[in-house]
Amino acid sequence: QVQLVESGGDLVQPGGSLRLSCAASGSIFRLNTMRWDRQAPGKQRELVATITRGGSTNYADSVKGRFTISRDNAKNTMYLQMNSLKPEDTAVYYCNAQGVTFRTTDFNSWGRGTQVTVSS
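Analysis parameters
- Residues numbered from 1 in each chain as written.
- Predicted model: local features only at pLDDT ≥ 70, side-chain atom pairs only at ≥ 80, totals over all residues.
- Heavy atoms only, no water.
- Buried < 20%, exposed > 50% of the residue type's maximum accessible area, 1.4 Å probe, protein only.
- Helix = DSSP H or I, 4+ residues; strand = E, 2+ residues; numbered from the N terminus.
- Pairing = 2+ DSSP bridges.
- Contact = heavy atoms within 4.5 Å.
- Core = buried A, V, L, I, M, F, W, Y, C linked by side-chain atoms within 4.5 Å.
- Axes fitted to C-alpha atoms, helices over the stretch in contact; angles between N-to-C directions.

(A) Looking closely at the pairing of strand 7 (residues 67–72). Burial along strand 7 is one-sided: the face carrying F67, I69 and R71 is buried and the face carrying T68, S70 and D72 is not. Note that strand 7 and strand 8 (residues 77–82) share six bridges and pair antiparallel. Counted as the bridge partner of F67 is M82 from strand 8. Between the end of strand 7 and the start of strand 8, which pair antiparallel, lie four residues, with N76 showing a positive phi angle near 50°.

Here is the structure:
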């Protein structure tokens, strides 16, 4: 079983910055692609950014140039550096990881989310 725990969400003023973390634990043999999604009140969940094990990244147009996704494979941890935050970035941010367990089974796990609120 694989668990993901997000942290770093907070209340921040427009233009501010936050760094989210996602720590994976459990029976992990290898983490492959990881991603951040978010869901704002009354809206559908949307993809924010993805990162492969090798470090290739992809971003939603709405966050390009402001957010940076990264990971530390040795720590089984992923990050999301968010700069120049806007009120429309307010959402619950979820992390996702795909990979393989020590029992050689594939997994696709989600965290419970961390709240980011951008408001003056």
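And the narrative resumes.
(B) Spatial organisation of the environment of P14. Structurally, P14 is set in the loop between strand 2 (11–12) and strand 3 (18–26). Sequence-distant contacts of P14, defined by excluding residues within four places in its chain, comprise L85, P87, V118, S119 and S120.

(C) Here's a closer look at the nonpolar core. In this structure, W36, L80, M82 and Y93 are the most contacted members of the largest nonpolar core, which totals 31 residues. Elements represented by at least two residues in this core include exactly strand 1 (2–7), strand 3, strand 4 (28–39), strand 5 (46–51), strand 7, strand 8, strand 9 (91–101) and strand 11 (114–118). Once residues lying within four places of it in the same chain are set aside, the contact partners of Y93 are E6, L20, W36, D37, R38, V48, F67, L80, M82, G113, T114 and V116.

(D) Local environment of the sheet that holds strand 3. Taken in spatial order, the four strands line up as 1-3-8-7 in an open sheet, and their pairing is antiparallel. In the strand order of this sheet, the two ends are held by strand 1 and strand 7, each with one partner. Going across the sheet, the axis of each strand differs from the next one's by a mean of 15°, ignoring polarity. Inspection of the sheet shows strand 3 paired to strand 8 by six bridges, in the antiparallel sense. Within strand 8, the position partnered with A23 by the bridge is T77.

(E) Just the side chain of S109, in detail. For S109, the position within the fold is in strand 10 (residues 106–110). Not counting residues up to four positions away in its chain, the partners in contact with S109 are V2, L4, C95, N96 and A97.

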